[in-house]
Amino acid sequence: MSNELTVAAMKRGGRYNWNNQPERLIYVGRNWSGNGYWHQFEKVGKQGVWCEVLDSELHMLEETKEST
């Protein structure tokens, strides 16, 4: 069973992070950004787009799991 993210699985306002990395991201949506469609993320605690990811790069992200 694969835990890789897909375009269909992305949720606006959902929380994600790069695999095994501490930065926590909030999904803004898939938007046109000058040279194509990108998945855009804000960094938690910061306003504005912090990073943009192509469909083909979603496998490098994971849904943030709540800490217990």
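Residues numbered from 1 in each chain as written. Predicted model: local features only at pLDDT ≥ 70, side-chain atom pairs only at ≥ 80, totals over all residues. Heavy atoms only, no water.

Draft legend 1. Spatial organisation of the environment of K43. In this fold, K43 is placed in strand β3 (residues 37–43). Among the residues examined, K43 registers a relative accessible area of 26% and is labelled partly exposed. Beyond its immediate stretch of four places on either side in the chain, K43 contacts E23, R24, L25 and W50. (Helix = DSSP H or I, 4+ residues; strand = E, 2+ residues; numbered from the N terminus. Buried < 20%, exposed > 50% of the residue type's maximum accessible area, 1.4 Å probe, protein only. Contact = heavy atoms within 4.5 Å.)

Draft legend 2. Summary view of the pattern of salt bridges. For the structure on display, the rule yields two salt bridges. The partner of K11 in a salt bridge is E63, and the shortest N-O contact between them spans 3.4 Å. Placement of K11 in the segment before β1 (15–18) and of E63 in strand β5 (residues 61–63) is noted, with a sequence separation of 52 residues between them. Residue classification places K11 among the partly exposed positions, given a relative accessible area of 45%. Take E63: its relative accessible area is 38%, and that puts it in the partly exposed class. (Salt bridge = Lys/Arg side-chain N within 4 Å of Asp/Glu carboxyl O.)

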